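# Coordinate inspection notes
So the chains spell out like this:
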Amino acid sequence: MTPFLEKIKFELKNFDKNALRLQLQIRPWLYGVPYWVAAVLVGLTAVLYSHAFNGVIVLAQNLAQTHKYWFLGMAPVAFALSSW
């Protein structure tokens, strides 16, 4: 194990839970930090998903214009892959 990981393991073993409780009593807004972080992560995930979905729509529109019968062949293949 690397010295960095050993130091982290040592710090986690000797972590004083009372110090955390004291900090939460002094700064009650710290209770909300995990929720704010989770909200930001969910928002970023939604934006990335939206961009990916828009990219797939543009790709499908381009394929529909250039290869008109491509969807006839891909529909059964996509159905088989989705049920697998």
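Cut-off values and rules
- Residues numbered from 1 in each chain as written.
- Predicted model: local features only at pLDDT ≥ 70, side-chain atom pairs only at ≥ 80, totals over all residues.
- Heavy atoms only, no water.
- Helix = DSSP H or I, 4+ residues; strand = E, 2+ residues; numbered from the N terminus.
- Rg over C-alpha atoms; globule rule 2.2 N^0.38 Å.
- Buried < 20%, exposed > 50% of the residue type's maximum accessible area, 1.4 Å probe, protein only.
- Areas by Shrake-Rupley, 256 points an atom, 1.4 Å probe, with all protein chains shown as cover.
- Phe/Tyr/Trp six-rings, centres within 6.5 Å; stacked < 30°, edge-to-face > 60°.
- pLDDT = per-residue confidence, 0-100.
- Patch = residues over 30% accessible without salt bridge, like charges linked within 9 Å, V, L, I, M, F, W, Y side chains within 5 Å.
- Salt bridge = Lys/Arg side-chain N within 4 Å of Asp/Glu carboxyl O.

### Remarks on the overall build of the protein
Secondary structure summary: the protein contains 4 helices and 0 strands in total. Against the globule reference of 12 Å for 84 residues, the protein gives a C-alpha radius of gyration of 25 Å, more extended than a compact globule. Taking the principal axes of the C-alpha coordinates as reference, the protein spans close to 65 × 35 × 25 Å. Every one of the 84 residues in the protein was classed for burial, and the buried ones make up 4%. Carbon and sulfur atoms make up 72% of the accessible area of the protein, which amounts to about 8,000 Å² in all.

### A look at the packing of aromatic side chains
The way to describe two aromatic rings as a pair is by their centre distance and the angle between their planes. Across all of its chains, the model carries 2 aromatic pairs by this definition. An angle of 80 degrees between the planes, with centres 5.1 Å apart, marks the rings of Trp70 and Phe71 as edge-to-face. A relative accessible area of 34% means that Trp70 is categorised as partly exposed. Residue Phe71 is classed as partly exposed on the basis of its relative accessible area, which comes to 36%.

### Considering the confidence of the model for the protein
Averaged over every residue, the pLDDT of the protein is 88; the share at 70 or more is 99%. For the protein, helix H2 (residues 17-26) is the element with the lowest average pLDDT, namely 81, and helix H3 (residues 33-66) is the one with the highest, namely 95.

### As for the environment of Leu48
As for its placement among the helices and strands, Leu48 is situated in helix H3. Considered as a pair, Leu48 and Phe15 are 33 residues apart in the sequence and their alpha carbons are 37 Å apart.

### So, the environment of Phe15
If you trace the backbone, Phe15 turns up in the loop between helix H1 (3-13) and H2. Separated by 42 residues in the primary sequence, Phe15 and Ile57 have C-alpha atoms spaced 50 Å apart.

### A look at a nonpolar patch on the surface
The grouping of Trp29, Val33, Val37, Val40, Leu41 and Leu44 at the surface amounts to a nonpolar patch, some 590 Å² of accessible area in total. Along the polypeptide, Trp29 turns up in the loop between H2 and H3.

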